[in-house]
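Residues per chain, in single letters:
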Amino acid sequence: MNPWIAIGALALVGLLIPLSMMAVSALLRPSVPEDSKRATYESGEVPTGGTRIRFNIQYYMVALLFVVFDIETVLIFPWTVIYRSALEGGVGLVTVLAPMLVFIGVLVVGLAWAWRNGAVKWARSPRAEQRKGAQAER
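Residues numbered from 1 in each chain as written. Predicted model: local features only at pLDDT ≥ 70, side-chain atom pairs only at ≥ 80, totals over all residues. Heavy atoms only, no water.

Visitor: I would appreciate a short explanation of the environment of Gly-118 in the present structure.
Guide: Here Gly-118 shows up in the loop between helix 3 (93–116) and helix 4 (126–137). Here the alpha-carbon distance between Gly-118 and Gln-58, two residues 60 residues apart in the chain, equals 9.2 Å. (Helix = DSSP H or I, 4+ residues; strand = E, 2+ residues; numbered from the N terminus.)

Okay, here's the thing in structure tokens:
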């Protein structure tokens, strides 16, 4: 049996189950349209002020860097598992190491770029700066 058939079947089941659950939910749930359902709910309080709040971009940069290096770990682990068997199978050391070294090199260049642009450096609050200045005076 072709292993791609099993992968395709798993992908199909992975798509059909959530889609069928959403379809059944849409058919069975009651529909009671009311204007109050569109209102913002804030713990029973009437919300005040605007909904647009400025967030520090550092949160997103840290999250993106985490995702990149998390994916790196997910891709490196299987490579390390098959590394020894590839060498025992007669594949040359350069043939085995070159793709992974290129992959890690691209990630290191990306990390250096992020570091140079200040994505890794966390912004300090004015309060932390005051504490730092007070400790330097001592």
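Next, the rest of the story.
Visitor: Just checking my understanding: could you explain the packing of helix 2 (residues 57–88) against helix 3 for this structure?
Guide: The relative placement of two packed helices is expressed as an angle between their axes plus a distance between the axes. One way to put it is that helix 2 packs onto helix 3 with a least axis distance of 11 Å and a crossing angle of 165°. Comparing the axis directions of helix 2 and helix 3 gives the class roughly antiparallel. For helix 2 against helix 3, the interelement crossing comes out left-handed. Contact with helix 2, carried on its side by Leu-65, Val-68, Phe-69, Glu-72, Leu-75, Ile-76, Trp-79, Tyr-83, Ala-86 and Leu-87, involves Leu-93, Val-96, Leu-97, Met-100, Phe-103, Ile-104, Leu-107, Leu-111 and Ala-114 of helix 3 and no other residues of that element. (Axes fitted to C-alpha atoms, helices over the stretch in contact; angles between N-to-C directions. Parallel < 35°, antiparallel > 145°, perpendicular 65-115°, else oblique. Left-handed = near helix turned anticlockwise from the far one by under 90°. Contact = heavy atoms within 4.5 Å.)

Visitor: I'm lost on a nonpolar patch on the surface in this one. Help?
Guide: A contiguous nonpolar surface patch, about 610 Å² in accessible area, is contributed by Ile-53, Phe-55, Ile-57, Tyr-59 and Tyr-60. Following the sequence through the fold, Phe-55 ends up in the loop between helix 1 (3–28) and helix 2. (Patch = residues over 30% accessible without salt bridge, like charges linked within 9 Å, V, L, I, M, F, W, Y side chains within 5 Å. Areas by Shrake-Rupley, 256 points an atom, 1.4 Å probe, with all protein chains shown as cover. Salt bridge = Lys/Arg side-chain N within 4 Å of Asp/Glu carboxyl O.)

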